[in-house]
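Structure assessment
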Amino acid sequence: MLIIVGFVIVILSVLGGFVLSHGKLAALWQPYEVLIICGAAFGAFLVANPMKVVKAALLGIPGLLKGARYRRADYIDILSMIYDVLVKARKEGMIGIEKDVENPESSPVFAKYPKLLADHHLMEFTTDCLRLMISGNMEPHELEQLLEIEVETHHHEAAEPAHALQVLADSLPGFGIVAAVLGIVITMAAIGGEVTEIGHHVAAALVGTFLGILLGYGFVGPLAASMGHRAHEEGKAFEIIKMALVSSLRGYPPTVAVEFARKLLHSDVRPAFSDLEAHLRSSR
């Protein structure tokens, strides 16, 4: 919602100020300038990025309108799910959760959290970590180092679309200059003609510069920043799972391990200690 509101404010501020200064909106309609800027920028975007990044960026823009992927209730579910797994492992031993890990779809522990179970990447990360713990051949610091590498890899991959869009945003003013220069070339070819025609060509060239800067700093750049923030926030789900499992491997009871994980969350999505404790008690 904030994205739509922000873009509306940008459009109304720019066009409103132009109109109030006695400008004519029709003068800004230069479809060939748009073709040069957007076409060249998109072509460069395809050249600069592998197809997986292109797809992730294009699919990620509509996803921004849906809001955060993980909300406060989702983090509570993640902490509760890890707590249930650790409690069962503490009672039955790590071998007791082997069937749950190998086939989470039929596990009564994971079945309590259908939304998380449908999250392929999150469940794959969780079960892979638990498999390493079941093997019993890893020290806590070894597991922590391995999981840090995996989380860092996930963060890097999730941030690639935002970085690609930011590079595109930085290039748009340059393509605006390209469009403006081409407009000046057309203007020079019209020298000697009517003054109104020359003025029209100069205005079209200046609109190219205007569009490149506006698209870069008013639209694509903010989208890239928003996508980067979302990628960082989504990474918290993997970090809290890592923290809880490593804490458990170090010998802490499930309640303490989950509390360590809770501390990693940002204040706007972090459940209060009393709220999480009450939720865990009710789930028992």
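Model, not experiment: these values are computed from the prediction. (Residues numbered from 1 in each chain as written. Predicted model: local features only at pLDDT ≥ 70, side-chain atom pairs only at ≥ 80, totals over all residues. Heavy atoms only, no water.)

The secondary structure content of the protein chain amounts to twelve helices and zero strands. Taking 19 Å as the expected radius of gyration for a compact globule of 284 residues, we find that the protein chain reaches 27 Å, considerably beyond that expectation. The buried share among the 284 residues of the protein chain stands at 40%. Accessible surface for the protein chain amounts to roughly 15,800 Å². Of this, 66% is attributable to carbon and sulfur atoms. Here the protein chain carries 23 positive and 30 negative side-chain charges, and the mean point of each set is 8 Å from the other. (Helix = DSSP H or I, 4+ residues; strand = E, 2+ residues; numbered from the N terminus. Rg over C-alpha atoms; globule rule 2.2 N^0.38 Å. Buried < 20%, exposed > 50% of the residue type's maximum accessible area, 1.4 Å probe, protein only. Areas by Shrake-Rupley, 256 points an atom, 1.4 Å probe, with all protein chains shown as cover. Lys, Arg positive; Asp, Glu negative; His and termini not counted. Charge placed at Lys NZ, Arg CZ, Asp CG, Glu CD.)

A few words on the UniProt feature "domain: Motility protein A N-terminal" (unreviewed entry) in the protein chain. With numbering aligned to this structure, UniProt lists the feature "domain: Motility protein A N-terminal" (unreviewed entry) at residues 4-93. Taken as a whole, residues 4-93 contains 78% helix and 0% strand, while its terminal C-alpha atoms sit 51 Å from one another. (UniProt positions renumbered as here; feature names shortened; annotations may be inferred.)

Core analysis: the largest hydrophobic core is formed by 42 residues, its most contacted members being Tyr-75, Ile-78, Leu-122, Leu-130, Ile-240, Ile-241 and Leu-245. Of all the secondary-structure elements, those providing two or more residues to this core are α4 (72-92), α6 (108-111), α8 (120-135), α9 (140-189), α10 (195-249), α11 (254-262) and α12 (273-283). The leading source of residues in this core is α4, at eleven residues. Not counting residues within four places of it along the chain, the set of residues in contact with Ile-240 comprises Tyr-75, Ile-78, Leu-79, Ala-261, Leu-264 and Leu-265. Grouped together as the second largest cluster of nonpolar side chains are 26 residues, Ile-37, Ala-41, Leu-172 and Met-227 included. (Core = buried A, V, L, I, M, F, W, Y, C linked by side-chain atoms within 4.5 Å. Contact = heavy atoms within 4.5 Å.)

Look at α9 against α10: their axes get within 7 Å of each other, and the N-to-C directions meet at 175°. By the criterion of interaxial angle, the relationship of α9 to α10 is roughly antiparallel. (Axes fitted to C-alpha atoms, helices over the stretch in contact; angles between N-to-C directions. Parallel < 35°, antiparallel > 145°, perpendicular 65-115°, else oblique.)

The tally for this structure, following the rule as stated, stands at four aromatic pairs. Relative to Phe-219, the ring of Phe-7 has its centre 4.9 Å away and its plane inclined at 40°; by these criteria the two rings are tilted. Residue Phe-7 is found in helix α1 (residues 2-20), and its partner Phe-219 is found in helix α10; the two are separated by 212 residues along the sequence. Here the two residues Phe-7 and Phe-219 agree in accessibility, since each one is buried. Taken together, a centroid distance of 5.3 Å and an interplanar angle of 75° make the contact between Phe-125 and Phe-238 edge-to-face. Linking Phe-125 in helix α8 with Phe-238 in helix α10, this pair joins segments that are 113 residues apart in sequence. On the accessibility criterion, Phe-238 (6% relative accessible area) is buried. (Phe/Tyr/Trp six-rings, centres within 6.5 Å; stacked < 30°, edge-to-face > 60°.)

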